[in-house]
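Structural features, examined
Letter by letter, the chains look like this.
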Amino acid sequence: MTLGFSLTDDPWLLLPSTTGEPAQERPLRTALLEAHEFGDLVVEIPTQKPAVLRQVLLPVIVAALGRPADEREWMAWHAQGRWSPEQRLRLDAYLDAHRAAFDLFDPVQPFGQIAGLSTAKGETKNASLIVATAATGNNVPLFASRTEGDPFPLTPAQAAHWLVHTQCWDTAAIKTGAVGDPQAKAGKTTGNPTGPLGQMGVTLLAGRTLFETLLLNIPVGAPPTSNDRPQWERRDSADPRSAATPQWQTRTPEGLLELWTWQSRRIRLFAEQTDQGPRVTRVLVAAGDRMPHTPEAEPHTMWRLEPTGARAQAKDKRGTSPRRPLRLQPGKAAWRGLDALLAPERQARDAGDKTSGFATSKLLDQAGALMFELGENYPLRVELSGIAYGNQSAVIDDVMFDDLPLPLAALEAGSDLRAALLEVAEQAEQLATAVNHLSADLRRALGSEPIPWDKGQRPGELVLHALDPLVRRLLAGMRGLQDLERIEVGQLAWEQLAWRRSWDIADRLLQSVPVAAYAGRSTSQGEGKPDRIHRVPLAEASFLRRRAEILHRADAARRSPRSDGQ
């Protein structure tokens, strides 16, 4: 029996209606043509969303319509709120022309796979191999209810999501050696890096509808080469960059379309007909193309710029300054990285080799340039996702995701709002440090050593957790604010709330200290220096003084004659 599942016309994308109706699975054609009628894409885990957008939705749009030539054309598209009749016809015609390339089980050209991919011994593996959250090999979650030997049948819709997820985020290390791969040895291919998205923190922009989200993630400007095509258009075996055979290469992508649809693995899905319909039960995952580095054309990552000296000495052959994609840190809220999110690319270009630090993503930089056209109150959201790998990147330790409301005005270099938000993030970090110092002083007063910075949980983390909802509320509330006086009012309100929240944590530490600590302890400061005395009252006074310095607006308001004495 011949199985078939068309991503173009069979439902697999879970999308809610903008009118509030429950999410339903839709085919690719409907999702694209009626994108203005849908809200955010619903996925099983957050890292599936950038995979679906980059491997399918965005490249179809750009391949069919091209990219807006400049910001003016981008705004013309956006102002429509939906695709124009002409754009709909072009999208529809493109999907018709390439319909066969989007069949998940096509015997000749299955989407994102290699037809006939096999090993010398004909082995296959459980379908759970491509499911990042399932137990497989060394990647076994603690207290997992399944084992690697349990059947793990996937519906075609699930298989499509995990297929593109594997191309973007797969773990590194050894992969199965496929017949036809000249670099496979003893049935294995070694040295495989993670999928391309696994090497960076992914920064997606989200709007009010799927249509707006898609546009926000398309960079403007003509492509640098006319040879840039998505992977399904490179299936001609005569194409030296084709991903239609088990052979793979180490190279850089031709352009944005190839970058988005990069085939980092050679995969084959094995499906069978069941009483519940077609199910993918076995898979084969082999080595795929490798990038020597993340291209600077990558629009979905923030960048860490090399220090001044290294940047001056390590320029590549093209004469551009080196930069590395910025990775997310497990357990760290996105707003704690506002210095990178709010570092405009144009500011980094102007600085040249005179400075080091960060550059935000090209798409965030583009959104900032469109601030006045979109409107200061535009409800832009930034979604950050990433994967933390362990044991030589062969297993997944953690999946990271955060979602931030971001005022567009904050993306303008030198704006009062940008300075205010950076100050708020810095104040939160300083309050956490002040509480950590209080904890260290109290432990010394008891004759104990402070908690090491890299071991255990220090109380400063509790401060950051308590301040998290306040910062997010402030980010949403600052939308549309340009007047310095109103910004100052918002900062004062934040400081007054932070004043109480940080004291709540500090007071808990003080309440837990036994009476013996009030007598204090002395510690030697070295030869010729007087001993240092550690007592609870001194530790408390030091914290209160530091808090007043950090939250200087709240402190000044308390000291004002008009203050209520809080």
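Residues numbered from 1 in each chain as written. Predicted model: local features only at pLDDT ≥ 70, side-chain atom pairs only at ≥ 80, totals over all residues. Heavy atoms only, no water.

A few points about the nonpolar core
The condition is simple: Put simply, buried Ala, Val, Leu, Ile, Met, Phe, Trp, Tyr and Cys residues joined by side-chain atoms within 4.5 Å make one nonpolar core. Only protein chains enter the accessibility calculation, which uses a 1.4 Å probe; a residue is then buried when its area is under 20% of its type maximum, exposed when over 50%, and partly exposed in between. Two residues qualify as a contact provided that any one of their heavy atoms is within 4.5 Å of a heavy atom in the partner residue.
Ranked by internal contacts, the top residues of the largest apolar core, which has 143 residues, are Trp12, Leu28 and Trp335. Among residues more than four places away in sequence, those in contact with Trp12 are Phe5, Leu7, Glu25, Arg26, Pro27, Leu28, Val52, Val56, Ala157, Ala160 and His161. Within the second largest apolar cluster, 5 residues are counted, among which are Ile114, Ala178, Leu284 and Ala286.

Concerning helix 13 (residues 416-445)
Our working rule: Numbering of helices and strands starts at the N terminus; helices are DSSP runs of H or I of at least 4 residues and strands are runs of E of at least 2. Multiply 1.5 Å by the residue count of a helix minus one, and that product is the helix's expected span.
End to end, helix 13 covers 43 Å across 30 residues, agreeing with the expected 44 Å (1.5 Å per residue, within 8%). Looking at the residues trailing helix 13, positive phi occurs at Gly447, about 85°.

Concerning the sheet that holds strand 12 (residues 381-390)
For the record, the criterion: Two strands are said to pair when DSSP picks up at least two bridges between them. For every element, the axis is a line fit to its C-alpha atoms; helices are fit only across the contacting stretch, and the angle between N-to-C directions ranges from 0 to 180 degrees.
The antiparallel open sheet is built from 3 strands, whose spatial order is 6-12-13. The outermost strands of the open sheet, each flanked by one partner alone, are strand 6 (202-206) and strand 13 (395-405). For this sheet, the mean inter-axis angle between neighbouring strands, taken without regard to orientation, is 20°. Running over the sheet, helix 5 (residues 156-169) touches strand 6 and strand 12 and is turned about 70° from strand 12.

Here we look at the pairing of strand 8 (residues 277-287)
For strand 8, a buried count of 9 out of 11 residues is recorded, marking the element as mostly surrounded by other parts of the structure. When strand 7 (residues 265-274) meets strand 8, the two strands line up antiparallel, connected through 10 bridges. Considered in strand 8, the bridge of Arg265 is made with Ala287. Counted between consecutive antiparallel strands, the loop separating strand 7 from strand 8 contains 2 residues.

Let's talk about unusual backbone geometry
A positive phi angle is found at Gln392, which is not glycine, with a value near 60°. Take Gln392: it is sitting in the loop between strand 12 and strand 13. Among the residues examined, Gln392 registers a relative accessible area of 75% and is labelled exposed. Located in the positive-phi region is Ser393, a residue other than glycine, with phi close to 60°. Looking at where Ser393 falls in the secondary structure, it is placed in the loop between strand 12 and strand 13. Using a relative accessible area of 27% as the deciding quantity, one classes Ser393 as partly exposed.

Some thoughts on the side chain of Asp289
What counts here: Pairing of N or O atoms within 3.5 Å defines a polar contact, subject to two protein rules: one partner must be a possible hydrogen donor and the other a possible acceptor, and residues neighboring in sequence count only if both atoms are side-chain atoms.
Examined against the element boundaries, Asp289 turns out to sit in the loop between strand 8 and strand 9 (303-305). A relative accessible area of 4% means that Asp289 is categorised as buried. Within the structure, Asp289 has its side chain in polar contact with the backbone nitrogen of Gln249 (distance 3.0 Å).

As for the packing of helix 13 against helix 15 (residues 484-511)
Our working definition: Any angle between 65 and 115 degrees counts as roughly perpendicular, while under 35 counts as roughly parallel, over 145 as roughly antiparallel, and the rest as oblique. A clockwise turn of the near helix away from the far one marks a right-handed crossing, whereas an anticlockwise turn of less than a right angle marks a left-handed crossing.
Orientation of helix 13 relative to helix 15, taken along the N-to-C sense of each, is 15°, at an axis distance of 11 Å. For the element pair helix 13 / helix 15, the angle class is roughly parallel. Helix-helix and strand crossings are classified by hand; for helix 13 and helix 15 the assignment is right-handed. Contacts between helix 13 and helix 15 involve Asp416, Leu417, Ala420, Glu423, Val424, Gln427, Ala428, Leu431, Val435, Leu438, Ser439 and Leu442 from the former and Leu484, Ile487, Gln491, Trp494, Glu495, Ala498, Ser502, Ile505, Ala506, Leu509 and Leu510 from the latter.

Brief notes about the packing of aromatic side chains
Here is the rule: Ring pairs are drawn from Phe, Tyr and Trp, using the six-membered ring of Trp, whenever the two centres fall within 6.5 Å, and their geometry is named by plane angle: stacked under 30 degrees, edge-to-face over 60, tilted for the rest. As a reminder, the over-ring test applies to NZ of lysine and CZ of arginine, requiring each to be within 6 Å of the ring centre and within 35 degrees of the ring normal.
Per the stated rule, a full pass over the model turns up 6 aromatic pairs. An angle of 35° between the planes, with centres 6.2 Å apart, marks the rings of Phe111 and Trp232 as tilted. With Phe111 in the loop between helix 4 (85-97) and strand 3 (125-126) and Trp232 in the loop between helix 6 (210-216) and helix 7 (256-260), this residue pair connects regions lying 121 residues apart in the sequence. Each member of the pair, Phe111 together with Trp232, is buried. Following the ring pairs from residue to residue traces out a cluster consisting of Trp77, Trp83 and Phe211. Between Arg547 and the ring centre of Trp499, over which it is positioned, the NZ or CZ distance is 3.8 Å.

Here's the deal with the sheet that holds strand 9
The strand order across the open sheet formed by 3 strands is 10-9-11, and the pairing between neighbours is antiparallel. Among the strands making up the open sheet, the edge pair consists of strand 10 (323-325) and strand 11 (357-359). Strand-to-strand, the axes of this sheet are offset by a mean angle of 35°, without reference to chain direction. Looking at chain direction, strand 9 and strand 11 are connected through 3 bridges and run antiparallel. Paired with Leu305 across the strands is Gly357, a residue of strand 11.

Remarks on the environment of Ser439
Note on placement: Ser439 falls in helix 13. Considered as a pair, Ser439 and Phe543 are 104 residues apart in the sequence and their alpha carbons are 9.8 Å apart. In this structure, Ser439 is in contact with Ile451, Pro459 and Leu509, ignoring residues within four places of it in sequence.

Let's talk about the pattern of salt bridges
We apply this condition: Here a salt bridge means any side-chain nitrogen of Lys or Arg lying within 4 Å of a carboxyl oxygen belonging to Asp or Glu.
Counted under the stated rule, the structure contains 27 salt bridges. Salt-bridge contacts for Asp92 lead to Arg29; the nearest nitrogen and oxygen are separated by 2.5 Å. Linking Asp92 in helix 4 with Arg29 in helix 1 (residues 28-33), this pair joins segments that are 63 residues apart in sequence. Residue Arg29 is classed as buried on the basis of its relative accessible area of 15%. For Asp289, the salt bridge goes to Arg266, with nearest N and O atoms at 3.1 Å. Highlighted residues: Asp289 in the loop between strand 8 and strand 9 and Arg266 in strand 7, separated in sequence by 23 residues. Three or more residues joined by partner-sharing salt bridges are found here, namely Asp9, Arg29, Asp92, Asp96 and Arg99.

Here we look at the packing of helix 15 against helix 16 (residues 536-550)
Quick reminder of the rule: Any residue outside Ala, Val, Leu, Ile, Met, Phe, Trp, Tyr, Cys, Pro, Asp, Glu, Lys and Arg is labelled polar, Gly included; the first ten of those are nonpolar and the last four are charged.
As a packed pair, helix 15 and helix 16 sit with axes 12 Å apart at the nearest point and diverge in direction by 170°. If you check the angle between helix 15 and helix 16, you find them roughly antiparallel. The segment helix 15 lies against helix 16, with Trp499, Ser502, Trp503, Ala506 and Leu510 engaging Val536, Glu540, Phe543, Leu544, Arg547 and Ala548. Of the residues belonging to the contact of helix 15 with helix 16, the class tally is 8 nonpolar, 1 polar and 2 charged.

Here's the deal with the confidence of the model for the protein chain
Selection criterion: The quantity called pLDDT is the predictor's confidence in a given residue, expressed from 0 to 100.
Summarising the model, the protein chain shows a mean pLDDT of 89, and 90% of its residues fall at 70 or more. The low-confidence segment residues 314-319 (pLDDT under 50) makes 6 contacts with residues lying over four places distant or belonging to another chain.

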